[in-house]
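# Residue-level structure breakdown
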Amino acid sequence: GEDVEQSLFLSVREGDSSVINCTYTDSSSTYLYWYKQEPGAGLQLLTYIFSNMDMKQDQRLTVLLNKKDKHLSLRIADTQTGDSAIYFCAETSGTYKYIFGTGTRLKVLA
Amino acid sequence: SAVISQKPSRDICQRGTSLTIQCQVDSQVTMMFWYRQQPGQSLTLIATANQGSEATYESGFVIDKFPISRPNLTFSTLTVSNMSPEDSSIYLCSVEVQNYGYTFGSGTRLTVV
């Protein structure tokens, strides 16, 4: 079945850039998403990208998609302590059913 | 995007009892989704709830264990029945907003002792 994988942990210093990576197996993925989950909270949609795009930038966030390698990344520029959270990537082939990655726990060091 | 209110936010329950989780959306939506997030893991879809019909359950989840109600287009409940410690998880409801993606409630953190 479809699978979405992420590294479990990432630690960066405040002010540096963070890059969170995600690989997926479903070649029919149409939409790919990044969600943020802060402690004790639900998931907040950060950004998304369509499969026919290579890059999308939204303020401090940059999403890169390599469809050939089925690799998605989220770059957070000027990382702040408030960015500490778990980040999930998710993909869908256009149906209601999303496949979520295991989440990457980002820790920002002051 | 839609705003989802979910309650309770957390609960500690005795094994063998049941807990009903409520999810209220501030706009009418056709489909509502219930997810489970076990400790340290990703989200797993439990079921999809459409108004006026029985919920559709994903593999590994059954109606007797997770009965769902969907009385109208803005509200749904999920019951976790006959709980055991393995049911300790975060339960999240979600709706899909057109051209936006999923929006999630803040979740219900359930601990079964």
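This text goes with the structure placed above it.
Residues numbered from 1 in each chain as written. Chains lettered and ligands numbered in written order. Predicted model: local features only at pLDDT ≥ 70, side-chain atom pairs only at ≥ 80, totals over all residues. Heavy atoms only, no water.

Assigned secondary structure in chain A consists of zero helices and eleven strands. When the helices and strands of chain A are placed in sequence order, the string is β-β-β-β-β-β-β-β-β-β-β. Over its C-alpha trace chain A gives a radius of gyration of 13 Å, about what one expects of a compact globule, namely 13 Å for 110 residues. Each principal axis of the C-alpha atoms in chain A carries an extent, and together these give about 40 × 30 × 20 Å. When the 110 residues of chain A are sorted by exposure, 44% land in the buried category. Look at the contacts in chain A between residues 6 or more apart in sequence, and 55% of them connect residues 24 or more apart. Of the roughly 5500 Å² of accessible surface on chain A, 48% is carried by carbon and sulfur atoms. Computed over 11 positive and 13 negative side-chain charges, the separation of the two mean positions in chain A equals 1 Å. (Helix = DSSP H or I, 4+ residues; strand = E, 2+ residues; numbered from the N terminus. Rg over C-alpha atoms; globule rule 2.2 N^0.38 Å. Buried < 20%, exposed > 50% of the residue type's maximum accessible area, 1.4 Å probe, protein only. Contact = heavy atoms within 4.5 Å. Areas by Shrake-Rupley, 256 points an atom, 1.4 Å probe, with all protein chains shown as cover. Lys, Arg positive; Asp, Glu negative; His and termini not counted. Charge placed at Lys NZ, Arg CZ, Asp CG, Glu CD.)

Now for the packing of aromatic side chains. What describes a pair of aromatic rings is the distance from one ring centre to the other and the angle between the planes of the rings. Overall, the coordinates contain 17 aromatic pairs over all chains when judged by the stated rule. Judged by centre distance (5.5 Å) and plane angle (90°), the rings of Tyr35 of chain A and Phe104 of chain B are edge-to-face. On the criterion of chain membership, the pair formed by Tyr35 of chain A in strand E4 (residues 31-37) and Phe104 of chain B in strand E10 (residues 101-104) is interchain, its members lying in two chains. Per residue, the accessibility class of Tyr35 of chain A equals that of Phe104 of chain B, and both read buried. Plain terms: the ring middles of Phe33 of chain B and Tyr102 of chain B are 4.9 Å apart, the flat faces sit at 55° to each other, and that makes the pair tilted. In this pair, Phe33 of chain B is assigned in strand E4 (residues 31-37) and Tyr102 of chain B in strand E10, connecting sequence segments 69 residues apart. Across this residue pair, the class does not change: Phe33 of chain B and Tyr102 of chain B are buried. (Phe/Tyr/Trp six-rings, centres within 6.5 Å; stacked < 30°, edge-to-face > 60°.)

Here the focus is unusual backbone geometry. The amide bond that connects Lys7 of chain B to the next residue, Pro8 of chain B, takes the cis arrangement and shows omega of 0°. Structurally, the position occupied by Pro8 of chain B is in the loop between strand E1 (4-7) and strand E2 (10-13). Look at Gln59 of chain A: it is not a glycine, yet its phi comes out positive at around 55°. Relative to the assigned elements, Gln59 of chain A resides in the loop between strand E6 (55-58) and strand E7 (61-66).

Here we come to the state of the cysteines. Enumeration over the complete set of coordinates arrives at two disulfides over all chains. Across a sulfur-sulfur distance of 1.9 Å, Cys22 of chain A and Cys89 of chain A are joined as a disulfide pair. Judged by the torsion about the S-S bond (70°), the Cys22 of chain A/Cys89 of chain A disulfide is right-handed. Of the two residues, Cys22 of chain A sits in strand E3 (residues 18-24) while Cys89 of chain A sits in strand E9 (residues 85-92), which places them 67 residues apart along the sequence. Taken individually, Cys22 of chain A and Cys89 of chain A each receive the classification buried, so the pair is uniform in this respect. A disulfide bridge connects Cys23 of chain B with Cys93 of chain B, and the sulfur atoms are separated by 1.9 Å. Taking the sign of the S-S torsion, about 70° here, the bridge from Cys23 of chain B to Cys93 of chain B comes out right-handed. Separated by 70 residues along the polypeptide, Cys23 of chain B in strand E3 (residues 19-25) and Cys93 of chain B in strand E9 (residues 89-97) bring together distant segments of the chain. Side by side, Cys23 of chain B and Cys93 of chain B carry an identical accessibility label, which is buried. (Disulfide = S-S within 2.5 Å.)

A word on the interface of chain A and chain B. In this complex, chain A contributes 16 residues to the contact, which on the side of chain B involves 20 residues. Buried surface at the junction of chain A and chain B, summed over both partners, amounts to about 1500 Å²; 53% is from carbon and sulfur atoms. The interface formed by chain A and chain B contains one salt bridge. Between Glu58 of chain B and Lys97 of chain A there is a salt bridge, and its shortest N-O distance comes to 2.8 Å. Across the contact surface, chain A and chain B share seven residue pairs in polar contact (both at pLDDT 80 or more). Elements that contribute at least two residues to the side of chain A that touches chain B include exactly E4 and strand E5 (43-50) of chain A. Per-class residue counts for the side of chain A that touches chain B are ten nonpolar, five polar and one charged. (Buried area = accessible area lost by both parts, 1.4 Å probe. Salt bridge = Lys/Arg side-chain N within 4 Å of Asp/Glu carboxyl O. Polar contact = N/O pair within 3.5 Å; in protein donor to acceptor, adjacent residues only side chain to side chain. Nonpolar A, V, L, I, M, F, W, Y, C, P; charged D, E, K, R; others polar.)

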